[in-house]
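The primary structure of each chain is shown beneath.
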Amino acid sequence: MSFDLSRSGTILGIETSCDETSAAILCNGELASVVVSSQFFHEKFGGVVPELASRAHVRAVLPIMREALNRAGMELDVVDGVAVTFAPGLMGSLLIGLNFAKGLSLGLDIPLIGIHHIEAHIFSALLEKEKPQLPFVALVVSGGHTLLLLVKDVGKYQVLGETLDDAAGEAFDKVGKMLGLNYPAGPEIDRLAREGNSEYVKFPRAMMNEANYDFSFSGIKTSVLHWLKKHAAERFELADIAASFQRAVVEVLVTKTMRAAEEHETTEIVCAGGVSANSELRERFRAECARRRMRFFVPRPLFSTDNAAMIAMLGALKLKRGIVNDLSLTALPRLPLAERSTP
Ligand code: KG4
Ligand code: ZN
């Protein structure tokens, strides 16, 4: 079944759940503009400082929305609905975007559409020309989540597996820190790994061959730490460690996702979330899908990481189905996307 975005209207998307302030305009499923402003100042603290993040969102949200409207050549009065992330994320950061959107909804008398951030990542794949068909298997790999899902429709998700400890992005960031890289370290490990030997160290592929779809990334983090301690006095290339670590993570993610698609008899695979910007992960998925005559969908890197275009996209899909919220909607730092299915 394909997605119908015709006559879904003009949707303004707002995203402030973590350290990106973003606004986007989507007209009948076509992206008219997107502006993403990343708070790079967290780098020197080695992670996101919640209080500083919310203060920066307060300053940025209005100018970012104006810029998105400018780039689309539109005024606020053409907007049919405002979609905003209300969960999960940092409480203070979520509140800024949500209250801003509530003000717009009330002032312009347009529907408010509350968006689950992880759910929006799944549909970021629809921002590209080639769109997946339902049902599809989705791997969402971000800084806080690693989820393998069977997506039957908007709002109908079966959780096939998830991480039992660290998220994949968290593993990239923590290993990057051990290697002396800045936060977030995913993009830098990706770049370094291209020059390294991925066979240099055989790091563990945790749970890869277990008969379930769960993941575990805390063991590999400890393995990298032990390796670095043991070889501290020797000369080695950071690129080789980055490449070996990345290869282990990519192999587990791809192997389990392919198996899930085969078991659930779908030819459609979607990968989304910050880690889906990883070049080796994309290449590996493409190659494995081509071998099996499956179709692989991944958004361009700008839409893999946090952005409001995906918020507007899910907003359009929900508005078309009449799923809207009222002003009593509250921000929630945690909210599971779906209940775990019992095998
Ligand atoms: O989805 P996202 O932007 O924010 C969350 O919702 O968490 O994901 C951020 C995560 C960070 O852990 C970052 O290191 C990782 O995505 N990331 C990458 C790459 N680009 C971003 N990981 C590996 N390779 C990349 N190229
Ligand atoms: Zn995200």
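Here's what I pulled together on the structure shown here.

Parameters at a glance
- Residues numbered from 1 in each chain as written.
- Chains lettered and ligands numbered in written order.
- Predicted model: local features only at pLDDT ≥ 70, side-chain atom pairs only at ≥ 80, totals over all residues.
- Heavy atoms only, no water.
- Donors = N, O, S within 2.8 Å, 3.2 Å for Na, K, Ca; no water.
- Helix = DSSP H or I, 4+ residues; strand = E, 2+ residues; numbered from the N terminus.
- Buried < 20%, exposed > 50% of the residue type's maximum accessible area, 1.4 Å probe, protein only.
- Axes fitted to C-alpha atoms, helices over the stretch in contact; angles between N-to-C directions.
- Parallel < 35°, antiparallel > 145°, perpendicular 65-115°, else oblique.
- Contact = heavy atoms within 4.5 Å.
- Nonpolar A, V, L, I, M, F, W, Y, C, P; charged D, E, K, R; others polar.
- Core = buried A, V, L, I, M, F, W, Y, C linked by side-chain atoms within 4.5 Å.
- Expected span 1.5 Å × (residues − 1).
- Bend = angle between axes of the 7 residues up to and from the residue.

**Points about the coordination of the zinc ion (ligand 2)**
- Here the zinc ion (ligand 2) is held by the protein donor atoms His117 (NE2), His121 (NE2) and Asp306 (OD), which lie 2.1 Å from it.
- Mapped onto the polypeptide sequence, the residues donating to the zinc ion (ligand 2) form the spacing pattern H-x3-H-x184-D. Linking His117 in helix α3 (residues 117-123) with Asp306 in the loop between α9 (301-304) and α10 (309-320), this pair joins segments that are 189 residues apart in sequence.
- On the accessibility criterion, His117 (6% relative accessible area) is buried.

**Section: the packing of helix α4 (residues 168-178) against helix α7 (residues 238-263)**
- It is at 11 Å that the axes of α4 and α7 come closest, and there the two elements cross at 175°. The angle between the axes of α4 and α7 places the two elements in the roughly antiparallel class. In this structure, α4 contributes Ala168, Ala171, Phe172 and Val175 to the contact, and α7 contributes Phe245, Gln246, Val249 and Leu253.
- Considered class by class, the residues forming the contact of α4 with α7 number seven nonpolar, one polar and no charged.

**Considerations on the nonpolar core**
- Core analysis: the largest hydrophobic core is formed by 47 residues, its most contacted members being Phe203, Phe245, Leu253, Leu281 and Phe285.
- Those elements giving two or more residues to this core turn out to be β6 (136-141), β7 (146-153), α4, α5 (186-193), α6 (218-230), α7, β9 (268-272) and α8 (279-291).
- Sort the elements by how many residues they give to this core and α7 lands first, with 13 residues.
- Phe285 has contacts with Leu139, Leu253, Val254, Thr257, Met258, Ile269, Cys271 and Phe296, leaving out every residue within four places of it along the chain.
- One finds Val34, Phe123, Leu147 and Val159 within the second-largest nonpolar core, a separate group that totals 39 residues.

**Section: helix α1 (residues 50-72)**
- Given a rise of 1.5 Å per residue, 23 residues ought to cover 33 Å, and the 31 Å separating the end C-alpha atoms of α1 matches this to within 8%.
- The sharpest bend along α1 reaches about 40° and sits at Ala60, with the proline Pro63 one to four residues further on.
- For α1, the full list of buried residues reads Ala53, Ser54, Ala56, His57, Ala60, Val61, Ile64, Met65, Ala68 and Leu69.
- Backbone geometry just downstream of α1 places Gly73 in the positive-phi region, at approximately 70°.

**Structural notes on the environment of Phe45**
- Checked against the element boundaries, Phe45 lands in the loop between β3 (30-38) and α1.
- In sequence terms Phe45 and Asn182 are 137 residues apart; their C-alpha atoms lie 9.4 Å from each other.

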